[in-house]
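Here is what each chain is made of, one letter per residue.
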Amino acid sequence: NGTMQGIIYKINQVSLRFLNSVGGYIGTDENNLEPINQRDESLSSTTPTPLFTGFDNYTVPQNDDQHPTIFFRQLDPMPVTIMSITSVIEPGDGL
């Protein structure tokens, strides 16, 4: 009980709060990114993707890194505003 400072932990999930955004990529580093799909599959391919405002949750792949990170990148010419990133964490193994 108390502070998490100095404790090795795992990030299990992150919640990103977007404002008027489309797409992007998320992962644990720049070499392990997955696309964020905010497009409604019911829209026709000729309909532009509407801007998204709200929360999206992502499960983080587990690794043995003692300093877990979340990496976000926008590679496409689309707007992205991240209002917040909230993580669900737990102490690492053996602690």
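Here, every reference points to the structure presented above.
Residues numbered from 1 in each chain as written. Predicted model: local features only at pLDDT ≥ 70, side-chain atom pairs only at ≥ 80, totals over all residues. Heavy atoms only, no water.

Observations regarding the overall build of the protein
For clarity, the cut-off: Strands here are runs of E lasting at least two residues and helices are runs of H or I lasting at least four, both read from the DSSP assignment and numbered beginning at the N terminus. When a residue's accessible area, from a 1.4 Å probe over protein chains only, is under 20% of the maximum for its type it is buried; when over 50% it is exposed; and in between it is partly exposed. Any two residues whose heavy atoms approach within 4.5 Å at even a single point are treated as in contact. Computed with the Shrake-Rupley method and a 1.4 Å probe, the accessible areas treat only the protein chains shown as cover for residues.
Secondary structure summary: the protein contains zero helices and six strands in total. Within the protein, the fraction of its 95 residues that count as buried is 20%. Pairs at least 24 residues apart make up 79% of the contacts formed inside the protein by residues separated by at least 6 positions. Summing over all exposed atoms, the protein offers an accessible surface of approximately 6,800 Å²; the carbon and sulfur share of this is 50%.

A look at the pattern of salt bridges
We count it as follows: A side-chain nitrogen of Lys or Arg and a carboxyl oxygen of Asp or Glu constitute a salt bridge if their distance falls within 4 Å.
A full pass over the atoms with the stated rule returns one salt bridge. Across the salt bridge formed by Glu 30 and Arg 73, the nearest N and O atoms sit 3.8 Å from each other. Separated by 43 residues along the polypeptide, Glu 30 in the loop between β2 (25-29) and β3 (32-35) and Arg 73 in strand β5 (residues 71-73) bring together distant segments of the chain.

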